[in-house]
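Now for the letters of each chain:
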Amino acid sequence: MIGPGFADPVADSQRCFRAVLEAMSRPGRIHRVPALAEVPAPLHGATAAVLLTLADGDTPVWLDCPAAQDWLRFHCGCPLVAQTAAAFVVATAGMPALAALAQGSEEEPHLAATLLLQVESLQAGQGWRLTGPGIEHAHRLAVAGLPGDFLAQWAANRARFPRGVDIVLCAGDSLACLPRTVRIEEAG
Amino acid sequence: MTEASIEAGYNFGYLDENTKRMIRRALLKAVAVPGYQVPFGSREMPLPYGWGTGGIQVTASIIGADDTLKVIDQGADDTTNAVSIRRFFNRVTGVATTEHTAAATIIQTRHRVPEAKLREGQVLVYQVPMPEPLFRLEPRVAETKRMHALADYGLMHVKLYEDIARHGAATTSYNYPVLVNQRYLMSPSPIPAFDNPKLDRMPALQLFGAGREKRIYAVPPWTEVKSLDFEDHPFQPARADAACVICGARDSYLDELIVDDSGKRHFVCSDTDYCASRPPVQDAAA
Ligand SMILES: [Zn+2]
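Conventions adopted
- Residues numbered from 1 in each chain as written.
- Chains lettered and ligands numbered in written order.
- Predicted model: local features only at pLDDT ≥ 70, side-chain atom pairs only at ≥ 80, totals over all residues.
- Heavy atoms only, no water.
- Helix = DSSP H or I, 4+ residues; strand = E, 2+ residues; numbered from the N terminus.
- Buried < 20%, exposed > 50% of the residue type's maximum accessible area, 1.4 Å probe, protein only.
- Donors = N, O, S within 2.8 Å, 3.2 Å for Na, K, Ca; no water.
- Tetrahedral: all angles 85-135°; square planar, octahedral: opposite > 155°, others 65-115°.
- Salt bridge = Lys/Arg side-chain N within 4 Å of Asp/Glu carboxyl O.
- 1 Å grid on protein atoms, 1.4 Å probe; cavity = no way out; pocket = protein on both sides within 12 Å on 5 of 7 lines; lining within 4 Å.
- Points joined across faces, edges and corners; volume = space filled by probe spheres on them.
- Nonpolar A, V, L, I, M, F, W, Y, C, P; charged D, E, K, R; others polar.

Asker: Just checking my understanding: could you explain unusual backbone geometry for this structure?
Answerer: When glycine is set aside, most residues are seen to have a negative phi, and most peptide bonds are trans. Along the chain, Ala41(A) connects to Pro42(A) via a cis peptide bond; the corresponding omega equals 0°. Positionally, Pro42(A) belongs in the loop between strand S1 (31–32) and helix H2 (45–54). Residues other than glycine seldom take positive phi values, yet His111(B) does so here, at roughly 75°. Here His111(B) is to be found in the loop between strand S4 (106–110) and strand S5 (123–127). According to the relative accessible area criterion, His111(B) is buried, its value standing at 19%. Positioned with a positive phi, Trp222(B) is a non-glycine residue whose angle comes to about 60°. Residue Trp222(B) is classed as buried on the basis of its relative accessible area of 13%.

Asker: Honestly, the coordination of the zinc ion in this entry has me stumped. Any pointers?
Answerer: For a metal with four tetrahedral donors the ideal donor-metal-donor angle is 109.5 degrees, while six octahedral donors give ideal angles of 90 or 180 degrees. Residue and element names in this part refer to chain B. Donor atoms from the polypeptide that coordinate the zinc ion comprise Cys244 (SG), Cys247 (SG), Cys269 (SG) and Cys275 (SG), at 2.3 Å from the metal. For the zinc ion, the four donor atoms in the first shell make angles of 104 to 116° at the metal, so the coordination geometry reads as tetrahedral. Binding-site remark: the zinc ion is held by donors from one chain whose sequence spacing is C-x2-C-x21-C-x5-C. With Cys247 in the loop between strand S10 (225–227) and strand S11 (254–258) and Cys269 in strand S12 (residues 265–269), this residue pair connects regions lying 22 residues apart in the sequence. Among the residues examined, Cys247 registers a relative accessible area of 5% and is labelled buried.

Asker: Explanation requested: the pattern of salt bridges in the structure shown.
Answerer: Two side chains carrying opposite charge are able to pair once their charged atoms lie near each other. Counted according to the given criterion, the structure contains 27 salt bridges over all chains. Here Arg26(A) ties to Glu22(A) by a salt bridge, and the two come within 3.0 Å at their closest N and O atoms. According to the relative accessible area criterion, Arg26(A) is buried, its value standing at 1%. When the shortest N-O distance is used, the salt bridge between Arg146(B) and Glu143(B) registers 2.9 Å. Residue Arg146(B) and its partner Glu143(B) are both found in helix H4 (residues 141–150); the two are separated by three residues, about one turn of the helix.

Asker: Please explain the layout of surface pockets as it appears in this structure.
Answerer: Left-over empty space is what a probe sized like a water molecule reveals as it rolls over the atoms. There is about 440 Å³ of room inside the largest pocket. Together, 23 residues line the largest pocket, and Ala87(A), His110(A), Leu111(A), Arg25(B) and Lys29(B) are the ones closest to its centre. Counting residues per element, the ones that place at least two in the lining of the largest pocket are helix H1 (17–32) and strand S1 (38–39) of chain B. In terms of residue count, the dominant contributor to the lining of the largest pocket is H1(B) (five residues). For the lining of the largest pocket, the residue count by class is 16 nonpolar, three polar and four charged.

In structure tokens:
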């Protein structure tokens, strides 16, 4: 059985999109997305909602969980492809190397992948210090469940600008974004 | 929900969900790469090009039932273009509309940035006729792409400097090019250069839609937007040296009106909401 998508697809995907747009515009701020009645394991509510909102037949997707493939294909109709060719990379069981994902080109940086990365938790007001476009002074964000070398990978990703991956961190029904421009410093 | 107030036969926001998704994906990448022009598959809209079809598609892709929409053209809410667009969104979304800058969550604009300071939570959507700031200098699209990729903007600097050398000041008073986040050269759309400083570190999100040219670009909140200039010739936006005859403002952008056959001129605020929000001047001249 394939579970349902949004209860009100037009209104719910608009609300979810505005949450992602706000989150991408103000890196590190945590937003909640419209809750789904049923979320296909092992996806989190936020991951599933973002896929319903943004993925379709025009967006090649890679995901690490075969259990959610049928749900994704049924609701979004997106082709499942190799990791390096995916517009959306969905990671539920550990982060793929950022450098291995589509980076876009200097002339077409918008062709870089968006990584939907499931983490254990997101907490505002503590942890990392984020600066860059979208941030007046600094935003604080604590993320549990990232690889130990995340900050080193992120620094390398940021150094590739205008190429580089953008990340949507998903935890339960909440999300926060790390566009490729954001500078992340260890909690100080 | 708002379904009841949408005209029958329309999807909320007029666009189909596939088109919205495509534009939404472009918007997210535009925000991630500030000032870079993301190509998108622009759709036919029920208004002709030149009526802001790019801005309309952006607004239609972000707007929700909880939004309050303001539409301005040349600063005014009551021009034909602004009224048509506002009416269109009222028909296809049923959302509330307003003329008050402070009350709006989305402001779609052509040719002006409101005088009132925008805040976090607001989105400013610009209608853009020509998104490529280099097009007068370099008509070859492949070449402008290369210049953006390399941040090779020497040609634009040379042109501006020649202007200044010849005329004593930059002659570009509209659509004056800016550098976003110290990286991408961007057209601010045909706003007066007077408005350029408002784009810099604006708390609101700024989105730009060019329908005919099929480009979307963005400036995230609090992002540096710098008008191109030179150490010996700093950017100096022009403003008529006059006060608004209605409200007396000396800080707003003014439109010039010829008021009689002898060519007598008056100046009034271009931003009608700003002007109306200020106490009228005592009519000493009468
Ligand atoms: Zn006035």
